[in-house]
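Per-entry structural report
Below are the chains, spelled out letter by letter.
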Amino acid sequence: MKKTFFTSLMLCFMLGAAAQNEITRQRVIEDGGTGPYKAIMTEVTGLEAHTIIAPKDLSPFSAQHPLPVLVWGNGACSNSPFEHVKFLSEIASYGYLVLATGYIPMTDDWYQGPMSKSEQQIESIDWAYQQNADPASPYYQKIDLKHLCLAGMSCGGLQSLFNCADPRVSAVMICNSGLFNQQNAHQAVGGMPMPPKEKLTELHTPIIYILGGKTDIAYENGMDDFHRISHVPAYAANFPVGHGGTYGQPHGGEFAIVAKAWLDWQLKADAEGAKMFVGTDNGVSKREGWTLEKNQKAE
């Protein structure tokens, strides 16, 4: 009797866990990215107001070859990653689990709805941990929880800096963003997180700022952040395209190339990724239009 009860209890648990991961909507962006693992964008039950972008075929991944994690926050505090799906799909196609704040964009229309919240990034991290430990999850023991990058564009970058102290984070990537100071705080859009510059002291990982050059409205904030950081390795990469970056270009454009290299280096210890940033003869500086600055902690 006890064995039958236990078996029934386990079956109910597994069925309930499976129901939590039921795909409700899905979409392939462009051709699934240029990487070796064609990506698909999904929305699942149990993770409301989040979008998952990951390799469609998870069979190549295991505890020995797990997926590093990119947790992403959107520009304008949008509760949908509609502006960044080409960029994010491209990254996912190289073997990453991307967890983006907000509802899955099933069309290319602009999102119109309530703003996202910083806490949604923490929900993404929590979900990754739960899935990796759940035998009923397709991601069971396939997520590299030791290598997780917190990232975002504009407001999403502010959300990432708001959450940067989380000990589960191993790298930070801030795109077209930076913390406001007292002199320009009035320029912020209502609803944005507004941590003070002192928040930078809570960073405990390497960080990169990927900015759109001097015409980027976030340039001054981002570069001011960069120059204030001295206790962890910090990088500032600039490409003169303004605040909008290249996210909407095919496969995310130049921003995707530099972001992927950073992630490959920080989350996969990839030597080719490192070459893009290490030394004076680094690959980023060789790319037309790009500049790269580093602090004293950086290699």
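A short note on the packing of aromatic side chains
- Evaluated as defined, the whole model comprises 15 aromatic pairs.
- Centre to centre, the rings of Trp262 and Trp265 are 5.9 Å apart; their planes meet at 90 degrees, and the pair counts as edge-to-face. Of this pair, Trp262 and Trp265 both sit in helix 6 (residues 253-268), three residues apart, roughly one helical turn.
- Given the relative accessible area of 0%, Trp262 is considered buried.
- Above the plane of the ring of Phe162 lies Lys199, whose end atom (NZ or CZ) is 5.4 Å from the centre.
- Positioned above the aromatic ring of Tyr96 is the side chain of Lys268, whose terminal nitrogen or guanidinium carbon lies 4.2 Å from the ring centre.

Focus on the side chain of Asp166
- Examined against the element boundaries, Asp166 turns out to sit in the loop between helix 4 (155-162) and strand 7 (171-175).
- For Asp166, a relative accessible area of 12% translates into the label buried.
- Not counting chain neighbours up to four residues away, the residues in contact with Asp166 comprise Ile122, Ile125 and His204.

A few points about the side chain of Asn282
- Residue position: Asn282 is located in the loop between helix 7 (271-275) and helix 8 (283-286).
- In this structure Asn282 comes out as buried when scored by relative accessible area, which is 3%.

Conventions we followed
- Residues numbered from 1 in each chain as written.
- Predicted model: local features only at pLDDT ≥ 70, side-chain atom pairs only at ≥ 80, totals over all residues.
- Heavy atoms only, no water.
- Phe/Tyr/Trp six-rings, centres within 6.5 Å; stacked < 30°, edge-to-face > 60°.
- Helix = DSSP H or I, 4+ residues; strand = E, 2+ residues; numbered from the N terminus.
- Buried < 20%, exposed > 50% of the residue type's maximum accessible area, 1.4 Å probe, protein only.
- Lys NZ or Arg CZ within 6 Å of the ring centre and 35° of its normal.
- Contact = heavy atoms within 4.5 Å.

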